[in-house]
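Results of the structural survey
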Amino acid sequence: MSNLSDQLRGDLDQLRADGLYRALRNIASAQGPRIVIEGREFLNFSSNDYLGLANDLILKQAAAAAIEKYGVGAGASRLVCGNLEPYAILEERLAWFKQREAAVVFGSGYAANVGTITALVGEGDVVILDKLDHASIIDGARQSGATIRVYPHKNLKKLEDILKQVVGAPTHKSGRPARSPRILIVTETVFSMDGDLAPLAEIVALKERYGAWLMIDEAHATGLYAKNRRGIAEAAGVEDKIDITLGTLSKALGCAGGFVVGSQTLIDYLRNRARSLIYSTALPPAVVAAAAAAVDFVVGDEGQHRRDQLWRNVSDLKNGLSALGIQNESRTPIIPIIVGEENAAVEFSRKLFERGIFVPAIRFPTVPKGKARLRVTVTAAHTEDEIHEFLTILECVGATFLSRRPHSAGLRRGRVSIPEQCYFVTTCTKGRRPIFQSHEAASMAVGALRWLRDQGRVRLLGFVIMPDHLHVAFALRTQSRQECRSHTKSAESSSCGRDIPVATLAKMMKLLKGYTSHEIKKRFNIADSIWQNGYHDHLLRDRRDFESRLAYMHDNPVRKGLVKSAEEYPFSTAHPDYQNEIDRAWLEGIEESRDRNVAPTETA
Ligand SMILES: Cc1ncc(COP(=O)(O)O)c(C=O)c1O
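Residues numbered from 1 in each chain as written. Predicted model: local features only at pLDDT ≥ 70, side-chain atom pairs only at ≥ 80, totals over all residues.

**Side note on the pairing of strand S13 (residues 372-377)**
For S13, a buried count of 6 out of 6 residues is recorded, marking the element as mostly surrounded by other parts of the structure. For strand S10 (residues 334-340) and S13, the ladder comprises 6 bridges, and the chain directions are antiparallel. Bridge pairing links isoleucine 338 to arginine 373 in S13. Where strand S12 (residues 361-362) lies against S13, 2 bridges are found, and the strand directions are antiparallel. Bridge pairing links alanine 361 to leucine 374 in S13. (Buried ≥ 20, exposed ≤ 12 C-beta atoms within 10 Å, placed from the backbone. Helix = DSSP H or I, 4+ residues; strand = E, 2+ residues; numbered from the N terminus. Pairing = 2+ DSSP bridges.)

Structure, rendered in structure tokens:
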């Protein structure tokens, strides 16, 4: 026995060293925006209870009534003697809700994926997965014995390449298939750890072209998207083209369990062949009854109201994160904050925990190595103040953890993503008047730039001071959500974070131009106005824009024959003395997955 414990302890120690150790936290309250852990209240930004139904009175009453009538346990597998009445009601409600012929409920979403995939495909068949598919899909595919092919995340070209390869190819090991091979594509519609959406209409077109089956996992979409809240397939208008639709009762519906909807034949087949359904005790009747109440809730007016509140909260949180320089393209309540290194993500989460915020670090194997993150989720139950409190604490704690990658290394590798609040400002004199009267004034200007940077609003990305030109690339962040919001309203673009708050920019410009440069003058004892006539600024919209301007900044003195190389120029971030002035926090390397068709990453 001790041998077993010794070996396992060794493995656990290794997990700890790699920042991959997981521990359970006991929560002594119901799910909600505020939870109690070890006697202390925490703000919870980690739950999938998107509509705040897990602790809703209507669901609790439905559960209590079912307990009263049916007791707590189902007694056996549904096929033995566990198929209590509430199951029939729930399956009927689900088929109606999803507008399909029939539904079957499983003990969990995990069991639904594993049971369905293993029932549908086996040796000689092919199952094609998105690289970021959930662990339950991967496990189902592995257990099925079918050949697994994986396409890089949302890469339709690779998906088509795989389809071309497998359609018509003999896949049975003996080369003599017992029946024609089945080809099953499985994708999530909302990806659980990244919060992005699958290109469903395009996947449907491919599956039709190549005659494959398509199974979608709408775990994080059910109850949230499209007019009738059925999910992304409804939003994309392709529901009738989907062969197998899986959903969970455990996320927006606030309960537990998984289900599949489709044709009556498919459902009959699963009832006969899905082992996780046949060989597992049925869900307790209370949960099943609560889930039926949740379906009614979601399709009703109150459901619509909650959903509106959820999208308002998502938008508030995303705007607030953008204002902190944390960009995110998510169109879902799942908003990952990518940290990178596993230990850093754990430490980030721990620091937030110390300040009363509960957001767990998500690490390998749930997400790829080096892509550790905080998976932030917001629900309809969060208040504006709670979101604000979270953002304020995140801003205090975040700076250290979001600045792991030196941008210059990334720039050299040609892999830098630029936050969209980056600006490039050029100040120039008319004619060839020197912009700074002396060498000393120029170095004071550098001091001024640093000072601006130290105000916390401005992140200096680079600068070059030439006799008649000053180039500064900087990023600006808003101080308050109010500012961010008022800016959003006035900005032409609807997405906050892509535009700089106008008032803030004006203030900065004034400082740069010397109109209200008292602080600079006082601090650096500059007698003359150092900023001369005219400036123009550019919002840097993409990486190439930034790179070319940075290169221009650094090359310009050389081109003008002032120095032989940019490094020689004393007032430039290309100069070794100023290398460190480049602010790293805003620049993050993108590691494009170069993997081809390798085993997918597990997701928890
Ligand atoms: C995409 C996806 N599918 C399936 C599941 C499993 O669902 P359940 O938690 O109900 O077992 C999850 C759980 O997080 C998920 O994210």
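**Quick look at the sheet that holds strand S3 (residues 102-106)**
What the 7 strands build is an open sheet, ordered S3-S9-S8-S7-S6-S4-S5; its pairing is mixed. Of all the strands in the sheet, just S3 and strand S5 (147-151) have a single pairing partner and so form its edges. Put simply, the sheet's adjacent strands are angled 20° from each other on average, direction ignored. Where S3 meets strand S9 (residues 258-262), 5 bridges bridge the pair, whose relative direction is antiparallel. (Axes fitted to C-alpha atoms, helices over the stretch in contact; angles between N-to-C directions.)

**Description of the sheet that holds strand S1 (residues 34-37)**
The sheet built from 3 strands is open, its strands ordered S1-S2-S11 with mixed pairing. Among the strands making up the open sheet, the edge pair consists of S1 and strand S11 (357-358). Of the strand pairs in this sheet, strand S2 (residues 40-44) and S11 are connected by 2 bridges, and their pairing is parallel. Counterpart to asparagine 44 in the pairing with S11 is phenylalanine 358.

**Focus on the nonpolar core**
Ranked by internal contacts, the top residues of the largest apolar core, which has 130 residues, are Val127, Ile128, Leu184, Phe259, Ala290, Ala291 and Ala294. Broken down by element, the residue count for this core peaks at 12 residues, all from helix H12 (residues 285-299). Contacts of isoleucine 128, omitting those with residues within four sequence positions, involve Arg149, Tyr151, Leu159, Ile162, Ile183, Leu184 and Ile185. Counting residues in each nonpolar core, the second largest holds 5 residues, with Val446, Phe463, Val464 and Phe571 among its members. (Core = buried A, V, L, I, M, F, W, Y, C linked by C-beta atoms within 7 Å. Contact = placed C-beta atoms within 7 Å.)

**Thoughts on the environment of glycine 115**
Its place among the elements puts glycine 115 in helix H5 (residues 109-120). Sequence separation of glycine 115 and alanine 274 is 159 residues, and the distance between their C-alpha atoms is 4.5 Å. In contact with glycine 115, not counting residues within four places along its chain, are Phe106, Ala274, Arg275, Ser276 and Leu277.

**Describing the site of the ligand**
Around the ligand, 14 residues are found, and the nearest of them are Ser108, Gly109, Ser192, Ala219 and Ser250. Examining the composition of the shell around the ligand, we find that 3 residues originate from one element, H5, more than from any other. Of the residues assigned to the shell around the ligand, the class counts are 2 nonpolar, 10 polar and 2 charged. (Near = placed C-beta within 6 Å. Nonpolar A, V, L, I, M, F, W, Y, C, P; charged D, E, K, R; others polar.)

**A closer look at unusual backbone geometry**
Residue proline 365 follows phenylalanine 364 across a cis peptide bond; omega there is 5°. Position of proline 365 among the secondary structure elements: in the loop between S12 and S13. One non-glycine residue, alanine 226, lies in the positive phi region at around 75°. Structurally, alanine 226 is set in the loop between strand S7 (213-217) and helix H9 (232-236). Residue alanine 226 is classed as partly exposed on the basis of its 15 C-beta neighbours within 10 Å.

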